[in-house]
Amino acid sequence: MTTSKRAYVLGHDDPELDRLEHQARMLAPATGAILGLAGLRPGMRVLDLGTGAGDVALTAAEIVGESGQVVGVDLEDRALALARRRAAERGLGNTTFERGDVREWSGGRFDAVVGRLILLYCADAPAVIEHHLRALAPGGIYVAMEYDMVAARAEPAIPLVGTALAWMVEAFRRGGMDPALGTRLDRVLRKAGLDPEILGLQVYVSPEDGARSLAGIVSALMPLIEKTGVASAAEVDLDTLPGRIEAAMREVDAVTVFPTLVGAWARLT
Ligand SMILES: C[S@@+](CC[C@H](N)C(=O)[O-])C[C@H]1O[C@@H](n2cnc3c(N)ncnc32)[C@H](O)[C@@H]1O
């Protein structure tokens with residue numbers, strides 16, 4: 001949600017929760033690397049902003065171990081229920097999930113505040129960061145991870161993939177969200193008074209995962225794509241889109257160059 005009036009654009013129906021988990025599997029190594037570089041360590045108390053299905057919280061929980069603690073916060077009960085179930089399945093008793101708006105939620109002191117693909121949905125990202133810096137212990141770490149969606153492509157190039165990626169990028173833009181926010185994280189964290197390090201990690205995925213992922217995000221964005229006049233339902237033809245993308249990718253054995261995951265982190269001095 002970017003303002004108090006605008007609803008979160010991707011929703012939380014079953015396909016969207018599946019999409020989040022699928023995306024998270026592809027982002028897991030990059031996410032673990034960024035959290036490690038940022039300095040997450042055993043024993044820390046960590047807050048995960050906009051936790052969704054809980055993937056970043058669960059990765060953080062593995063890092064901080066039983067002596068640490070993780071709290072994931074999200075607005076959506078359905079996502080939180082899934083995140084709780086997954087934490088229980090993995091026996092992660094150190095991980096809890098709470099309903100709250102990241103723009104105002106607070107819950108005590110943390111050694112690290114992390115958030116992946118959440119600042120994109122916050123109209124005033126520096127204000128959200130500043131709010132959570134107040135809860136960071138001295139020497140605490142702030143970690144942001146966002147996409148550079150503009151970097152995504154099929155290799156070799158495929159016209160249908162290029163078109164679908166353009167629908168995605170343009171829908172976010174017209175919806176008031178920055179699809180290249182990852183590239184600007186240094187600026188965003190500096191506005192919040194931090195002196196960050198920044199690194200983009202590039203994930204490459206198979207034709208099947210690439211097709212599923214691209215069709216999934218276009219499907220989740222379809223209401224915004226139509227509302228903002230990016231494309232019509234007939235042009236997109238959601239029912240056949242996944243099959244068409246996958247067939248086109250298989251034909252030339254293409255890989256998907258995923259949106260770059262950019263991590264930026266800073267330690268409070
Ligand atoms: C794209 S998902 C990312 C989920 C997770 N961080 C990940 O990377 O897998 C964004 C999540 O942020 C949540 N969200 C958006 N605006 C929020 C807000 N103002 N407060 C709390 N959660 C928010 C949404 O409900 C959604 O679950």
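Identification of the protein chain as SAM-dependent methyltransferase from Nonomuraea soli is taken from an unreviewed UniProt entry.

**Student:** Is there a simple way to explain the sheet that holds strand β6 (residues 153-155) in this structure?
**Tutor:** In spatial order, the strands read β6-β9-β8; together these 3 strands make up an open sheet with antiparallel pairing. Here the strands that pair on one side only, and so sit at the sheet edges, are β6 and β8 (204-205). Judged from the 2 bridges that link them, β8 and strand β9 (residues 255-257) form a sheet pairing that is antiparallel. If you follow Y204 over to β9, its bridge partner there is V257.

**Student:** In this structure, what is going on with the packing of aromatic side chains? I would like to understand it.
**Tutor:** Both the distance between ring centres and the angle between the ring planes are used here to describe each pair of aromatic rings. In this structure the tally under the stated criterion is 3 aromatic pairs. Judged by centre distance (6.3 Å) and plane angle (45°), the ring pair of W105 and F110 falls under tilted. Judged by relative accessible area, F110 falls into the buried class, the value being 1%. Positioned above the aromatic ring of F110 is the side chain of R45, whose terminal nitrogen or guanidinium carbon lies 4.2 Å from the ring centre.

**Student:** Sorry if this is basic, but what is going on with the nonpolar core here?
**Tutor:** Counting 94 residues, the largest nonpolar core has V46, L119, I129, Y142, W167, I225 and I245 as its most contacted members. With near-sequence residues (within four places) excluded, I129 lies in contact with L119, Y142, V188, L189, A192 and L194.

**Student:** When you look at the UniProt feature "domain: Methyltransferase" (unreviewed entry) in the protein chain in this model, what are you seeing that I'm missing?
**Tutor:** Feature annotation in UniProt places "domain: Methyltransferase" (unreviewed entry) on residues 41-148, given in this structure's numbering. A helix fraction of 30% and a strand fraction of 33% characterise residues 41-148, whose end C-alpha atoms lie 27 Å from each other.

**Student:** Help me out: how do you make sense of helix α2 (residues 55-64) in this one?
**Tutor:** Every α-helix winds through 3.6 residues per turn, so residues three or four apart in the chain are directed the same way. Among the 10 residues that make up α2, 7 are buried, leaving the element largely enclosed by the rest of the structure. Listed in full, the buried residues belonging to α2 are D55, V56, A57, L58, A60, A61 and V64. Positive backbone phi, approximately 70°, marks G65, located one or two places after α2.

About the cut-offs
Residues numbered from 1 in each chain as written. Predicted model: local features only at pLDDT ≥ 70, side-chain atom pairs only at ≥ 80, totals over all residues. Heavy atoms only, no water. Pairing = 2+ DSSP bridges. Helix = DSSP H or I, 4+ residues; strand = E, 2+ residues; numbered from the N terminus. Phe/Tyr/Trp six-rings, centres within 6.5 Å; stacked < 30°, edge-to-face > 60°. Buried < 20%, exposed > 50% of the residue type's maximum accessible area, 1.4 Å probe, protein only. Lys NZ or Arg CZ within 6 Å of the ring centre and 35° of its normal. Core = buried A, V, L, I, M, F, W, Y, C linked by side-chain atoms within 4.5 Å. Contact = heavy atoms within 4.5 Å. UniProt positions renumbered as here; feature names shortened; annotations may be inferred.

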